Amino acid sequence: MATLNPIDLSGLNDERLASSVRAQIAEACEKNGFFQVINHGVPVELTDRLKEVGQMFFDLPKDEKLVYAGKPVIGAEGYGSRMVLNDAEPKFWREFVELHTLPLSERHYNYWPQQPAEFRETVEKYTLAVLDLAHRLLAVISENLGLKPTYLKEALGETHQNIVFQCYPPCPEPGKTLGLPEHSDVGGITILMQEGDGLQVAAANNTWELVPNHPNAFVVNLADQIEIITNGRYKSANHRAIVNSDRTRRSYVTFYHPAKDQKIFPAPELVDAKAGPMYRELFYIEYLQALAAGRFGGKRLVQSFAINNPLVS
Ligand code: OGA
Ligand code: NI
């Protein structure tokens, strides 16, 4: 998948290159909603420090990590682990820390590790820089669709940003276990930094394509609300994380969600007058409730918000 070759965002600041970079982003969004970027403006000192504090936290003894344990429900904050070999499908093999970073009123510092000491400051700086990148990408993506640059940012409303530190330790049965099973991200846009190969994206003919780990690159993927707002023009891609038997893999995933009471609907400019909208209007809370209920009959969750439209697949 050629679109997984990193797109060099420094070209956006150069008049001679900007239109080509925009076109590369448009092509990647159109084809599979998954791409990598380099020269993205998040300083390497910050990405390095984030990886360092993440590793230092996961290396702590279990009882020190459990101080930050969260409830075992989707989207709950705090530390958790799911290391199951002999369970029913789907299997998981990961430890994680999930933190809400925005809005500030939802920052619950009691879940934020105090070890290592620079954890909190590093996460605050990193997520701010990633937020800025998300806004720059949303502006390019909006304009690529013929919308005003602020369209997607406004359509997603007040930003609810989370960061999840994922840690996939070596697994004795990597062939039978997944770090994270197949899913699409439910929010707006996700920006992921990985250390080590293991992320796979759904490709043609029911195959999986490895998203190669490039130093200093971010993986960007469009999530379900962008699929709805773009009226299906851009699809959210299914992906998963595999594990291996010999080394720990970590990833740092920043999610950009709408507020729960945000109304999400296809942009009128992207709705064909004859065919009508492909998805119904919804409040984001309904989407989260449907996710928690977990009954999507083997289909993608976003399909349950499709209006009886044969063009939605
Ligand atoms: C996720 C995700 C993949 C990875 O956290 O939603 O898809 O490689 N993670 O950790
Ligand atoms: Ni994901």
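In what follows, the structure referred to is the one given above.
Definitions and cut-offs
- Residues numbered from 1 in each chain as written.
- Chains lettered and ligands numbered in written order.
- Predicted model: local features only at pLDDT ≥ 70, side-chain atom pairs only at ≥ 80, totals over all residues.
- Heavy atoms only, no water.
- Donors = N, O, S within 2.8 Å, 3.2 Å for Na, K, Ca; no water.
- Buried < 20%, exposed > 50% of the residue type's maximum accessible area, 1.4 Å probe, protein only.
- Helix = DSSP H or I, 4+ residues; strand = E, 2+ residues; numbered from the N terminus.
- Polar contact = N/O pair within 3.5 Å; in protein donor to acceptor, adjacent residues only side chain to side chain.
- Contact = heavy atoms within 4.5 Å.
- Near = heavy atom within 4 Å.
- Areas by Shrake-Rupley, 256 points an atom, 1.4 Å probe, with all protein chains shown as cover.

### Here we look at the coordination of the nickel ion (ligand 2)
For the nickel ion (ligand 2), the full set of protein donor atoms is His 183 (NE2), Asp 185 (OD) and His 239 (NE2), at a range of 2.1 to 2.2 Å. A residue is classified by how much of its surface remains accessible, and His 183, at 24% relative accessible area, is partly exposed.

### Remarks on the side chain of Thr 101
Looking at where Thr 101 falls in the secondary structure, it is placed in strand S4 (residues 93-102). Within the local environment of Thr 101, its side chain forms a polar contact with the side chain of Gln 161, the two groups lying 2.7 Å apart. Non-local contacts of Thr 101, meaning those with residues more than four positions away in its chain, are made with Arg 107, Trp 112, Val 123, Thr 127, Gln 161, Asn 162 and Ile 163.

### Comments concerning the site of ligand 1
With respect to spatial proximity, 13 residues lie near ligand 1, and among them Gln 166, Tyr 168, His 239, Arg 249 and Ser 251 are the closest. Within the side chain of Tyr 168, a nitrogen or oxygen atom sits 2.7 Å from an oxygen atom of ligand 1. The contact in question runs from an oxygen atom of ligand 1 to an N or O atom on the side chain of His 239, over 2.9 Å. Calculation on ligand 1 without its partners gives an accessible area of 290 Å², and the protein chains cover 97% of this total. Elements supplying a minimum of two residues to the shell around ligand 1: strand S5 (160-168), strand S6 (178-183), strand S11 (239-242) and strand S12 (249-257). The dominant element in the shell around ligand 1, judged by the number of residues it contributes, is S12, at four residues.

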